[in-house]
Amino acid sequence: MKYNPILTICIPTYNRKKYSESLIGYLVKFLEENSNYKVQLLVSNNQSTDGTEEIKDLYKYDFLTWINQKAFAPNAESHLVECLKYCKGEYVWCYRDWE
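Described below are features of the structure shown in this document. (Residues numbered from 1 in each chain as written. Predicted model: local features only at pLDDT ≥ 70, side-chain atom pairs only at ≥ 80, totals over all residues. Heavy atoms only, no water.)

**Description of helix α1 (residues 17–33)**
So, point 1. Spanning 17 residues, α1 covers 24 Å between terminal C-alpha atoms, matching the ideal 24 Å at 1.5 Å per step.
So, point 2. S20, L23, I24, G25, L27, V28 and L31 are the residues of α1 that are buried.
So, point 3. Buried residues along α1 sit in contact with β1 (7–13), β2 (39–45) and β3 (64–68). (Helix = DSSP H or I, 4+ residues; strand = E, 2+ residues; numbered from the N terminus. Expected span 1.5 Å × (residues − 1). Buried < 20%, exposed > 50% of the residue type's maximum accessible area, 1.4 Å probe, protein only. Contact = heavy atoms within 4.5 Å.)

Written out as structure tokens, the structure is:
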């Protein structure tokens, strides 16, 4: 079955494992409990070196897309542009993993 989300929640991250893990965990729990929502959760890892990539092994869902960027994006804007290439939703909400 093809997954056609209405909304993509886009989370670009770089070396923010602690905050990303908390945010992703919260959103995954919410989406599990509210499965009628058509949402894609998209995490874009900008070559983090703090173990951020390990988070993807905790969650395996059709609504979760994990991208490991092949080239380092030197700033938040260019990372976001790369991230947007993978959004499938009709609408996009960009959420930062800041404190």
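This is not the end of the story, as more comes after the structure.
**So, the sheet that holds β3**
Consider a sheet: its strands pair through backbone hydrogen bonds, and that pairing is either parallel or antiparallel.
So, point 1. Taking strand neighbours across the sheet as the criterion, the 4 strands line up as β3-β2-β1-β4 in an open arrangement whose pairing is parallel. For this open sheet the edge positions go to β3 and β4 (91–94), each flanked by a neighbour on one side alone. On average, adjacent strands in this sheet sit at an angle of 20° to one another, irrespective of strand direction.
So, point 2. Against the sheet, α1 contacts β1, β2 and β3, and its axis sits at roughly 165° relative to β2. (Pairing = 2+ DSSP bridges. Axes fitted to C-alpha atoms, helices over the stretch in contact; angles between N-to-C directions.)

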